[in-house]
Amino acid sequence: MAGALLLEIRRRTQSALLVIGEANLRSLPVDISITAASLEVRSGEACTAVTLPAEVRVAPSSCRGLRYLPGDGLHLRLQVHTGSDTKLVSPLSERLKPQKSYVFYCQSCGDIIIKERKFLRVLPLPDENWSALVEEWCCHPNPFAGSALHPQKDDCFLGDAFFLLNSGNESHVPGSPLYCAEARHRTSQSAFTLKSKENTRVICKRCKTTLGETVSSETTKYYVTEVIIRPSKESFNTISRSQFIQSTIAQCLVEFSRAKSTFRFSIKGDDGKVYILIWLLNSDTLLVESLGSSSSHNVFMLFGDTLRPDSASTGTWNAAKILYQPCIKNRNKDLADAWENDIGVHPLTFPSATCLELLLILSLSTTSLPPSLRCMNSFQVAFLKM
């Protein structure tokens, strides 16, 4: 990434930071030419010409703050004009409608999990502290004390990062998903509702990915990072795992921050451990980059699949800019403990393997940035594509 040209745009302020990597600065002096739709860097006999995306236009007269940072290259701030904000991926509450038939797929391998499922009700779950709030509202003993909200037949309940289905009438493809043998044994030995500590994994029979867990003998929780839902009439289109995790988790962060004005999140695994602490910095970033080769007329490339930096895709991406701290192997334990007791921090739970995937994606995003942009205070900086 040392040779890249990176353009980080804030839609809200219509301002941008341009970083010209050191590989483009082969000899001094350097001649930089900026027009409304293009950028050209001449260094000695080498010339890098870049065409900006159609939706991005630069105000050349606004260029300011030119400086050179060893290891980074040249930094330059400027004003830009961007087109209309690209709509985010619709939240699950908008994509799932009553009286419509859906097919549930394993995101990792595309195997059908639930076939032709129609819901009579699609309802959002209340905040996780709803029972405690009821006690404040009631002048008599809480009538819901000790009770849990479970979907009835043909119900779908939506949580922050999961959804609950009544498993009594699921139209499963034979053998998928697979409940582990231990779960079947315990269910056969016990007719009462499974306690939360006895939750058992629900895994895909084909690829063995954890899809969710059994909440009770008739309720199954599926994580939004593991399942793709499509209307029955639509075909299944594959999407890279990295891109899906980024867009799905970024959507969760943005939607929750807008609804609850919460910007700090504790990412937990289904094993109860904290894996990552995340601080959502902004969600109006438009991020574009070029690989910075010396050939003429390069087109700004999208941020790309983080796990495939050689991606040949072109375009621009909306991105959420976040600060994060890894917490695996007891790293940042004091901070994690402090956030655990902070009511301003919202926990989000995903399968442990997905938490590790997310941490890898964030780490690769951080290392792809110029060194001076990788940290802010004591946090690491990364982008999640939306």
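Our subject is the structure listed above.
Now for a look at the structure at hand. All values reported here derive from a predicted model rather than from experimental measurement.

## Details of the overall build of the chain
Alright, step 1. The number of helices and strands found in the chain is 6 helices and 26 strands.
Alright, step 2. Considering the chain as a whole, with its 386 residues, one finds that 48% of them fall into the buried category.
Alright, step 3. Sequence separation of 24 or more characterises 64% of the internal contacts of the chain that already satisfy a separation of 6 or more.
Alright, step 4. A total of about 19200 Å² of accessible surface is found on the chain, and carbon and sulfur atoms cover 53% of it.

## Observations regarding the environment of Met386
Alright, step 1. Note that Met386 resides in the segment after strand S26 (379–385).
Alright, step 2. In the structure, Met386 is positioned 140 residues away from Gln246 in sequence and 6.7 Å away in space, judged by C-alpha atoms.

## Examining the packing of aromatic side chains
Alright, step 1. Evaluation of the coordinates by the stated rule reveals 8 aromatic pairs.
Alright, step 2. Arranged with centres 5.8 Å apart and planes meeting at 45°, the rings of Phe104 and Phe163 form a pair that is tilted. Here Phe104 is found in strand S9 (residues 101–106), whereas its partner Phe163 is found in strand S13 (residues 162–166), with 59 residues between them in sequence.
Alright, step 3. When its relative accessible area of 1% is taken as the criterion, Phe104 is described as buried.
Alright, step 4. Ring geometry for Trp279 versus Trp339: centroids 6.2 Å apart, planes at 70°, classification edge-to-face. With a gap of 60 residues between them, Trp279 in strand S20 (residues 274–290) and Trp339 in helix H5 (residues 333–340) connect regions that are remote in the sequence.
Alright, step 5. Accessibility expressed as a relative area gives 35% for Trp279, which makes it partly exposed.
Alright, step 6. The structure contains a cluster of three or more aromatic residues connected by ring pairs, namely Phe104, Phe119, Phe163 and Tyr222.

## A closer look at empty space enclosed by the protein
Alright, step 1. Under the criterion given, the structure shown has 2 cavities of 30 Å³ or more.
Alright, step 2. Computed from the structure, the largest cavity encloses a volume of approximately 60 Å³.
Alright, step 3. Around the largest cavity, the lining comprises 10 residues; the ones closest to its centre are Leu18, Leu39, Leu52, Val58 and Leu78.
Alright, step 4. Here the residues of the lining of the largest cavity sort into 8 nonpolar, 2 polar and no charged.

## Focus: the pairing of strand S2 (residues 15–21)
Alright, step 1. For S2, the buried fraction is high: 7 of the 7 residues fall into the buried class.
Alright, step 2. Both S2 and strand S8 (residues 73–82) contribute to a ladder of 7 bridges, which runs antiparallel. In the sheet register, Ile20 faces S8, and the bridge partner there is Leu74.

## Describing the side chain of Gln325
Alright, step 1. For Gln325, the position within the fold is in strand S23 (residues 317–326).
Alright, step 2. For Gln325, a relative accessible area of 6% translates into the label buried.
Alright, step 3. Within the structure, Gln325 has its side chain in polar contact with the side chain of Asn332 (distance 3.4 Å).
Alright, step 4. The residues contacting Gln325, other than those within four sequence positions of it, are Tyr275, Ile276, Leu277, Asn332, Leu335, Ser378 and Phe379.

## Notes on the packing of helix H4 (residues 241–260) against helix H6 (residues 352–368)
Alright, step 1. The N-to-C vectors of H4 and H6 enclose an angle of 95°; their axes lie 10 Å apart at closest approach. If you check the angle between H4 and H6, you find them roughly perpendicular. Judged by residue contacts, Arg241, Ser242, Ile245, Gln246 and Ile249 of H4 engage Thr354, Glu357, Leu358 and Ile361 from H6.
Alright, step 2. Of the residues in the contact of H4 with H6, the class split is 4 nonpolar, 3 polar and 2 charged.

## Observations concerning the nonpolar core
Alright, step 1. In terms of nonpolar packing, the biggest core is built from 47 residues, with Phe104, Phe163 and Ile278 touching the most fellow members.
Alright, step 2. The greatest single-element share of this core, amounting to 7 residues, is contributed by H4.
Alright, step 3. Setting aside chain neighbours within four positions, we find Ile278 in contact with Leu253, Phe263, Arg264, Phe265, Ile267, Ile322, Leu323, Tyr324, Trp339, Leu358 and Leu362.
Alright, step 4. One finds Ile20, Val58, Leu76 and Val80 within the second-largest nonpolar core, a separate group that totals 20 residues.

## As for the pairing of strand S3 (residues 30–34)
Alright, step 1. Sheet analysis places S3 next to strand S4 (residues 38–43), joined by 5 bridges and oriented antiparallel. In the strand pairing of S4, Val30 is matched with Ser43.

## Overview of the side chain of Thr82
Alright, step 1. Considering the arrangement of structural elements, one finds Thr82 in strand S8.
Alright, step 2. On the basis of relative accessible area, Thr82 is assigned to the buried category, the value being 7%.
Alright, step 3. Only 3.4 Å separates the side chain of Thr82 from the side chain of Arg11, close enough to count as a polar contact.

Parameters and conventions
Residues numbered from 1 in each chain as written. Predicted model: local features only at pLDDT ≥ 70, side-chain atom pairs only at ≥ 80, totals over all residues. Heavy atoms only, no water. Helix = DSSP H or I, 4+ residues; strand = E, 2+ residues; numbered from the N terminus. Buried < 20%, exposed > 50% of the residue type's maximum accessible area, 1.4 Å probe, protein only. Contact = heavy atoms within 4.5 Å. Areas by Shrake-Rupley, 256 points an atom, 1.4 Å probe, with all protein chains shown as cover. Phe/Tyr/Trp six-rings, centres within 6.5 Å; stacked < 30°, edge-to-face > 60°. 1 Å grid on protein atoms, 1.4 Å probe; cavity = no way out; pocket = protein on both sides within 12 Å on 5 of 7 lines; lining within 4 Å. Points joined across faces, edges and corners; volume = space filled by probe spheres on them. Nonpolar A, V, L, I, M, F, W, Y, C, P; charged D, E, K, R; others polar. Pairing = 2+ DSSP bridges. Polar contact = N/O pair within 3.5 Å; in protein donor to acceptor, adjacent residues only side chain to side chain. Axes fitted to C-alpha atoms, helices over the stretch in contact; angles between N-to-C directions. Parallel < 35°, antiparallel > 145°, perpendicular 65-115°, else oblique. Core = buried A, V, L, I, M, F, W, Y, C linked by side-chain atoms within 4.5 Å.

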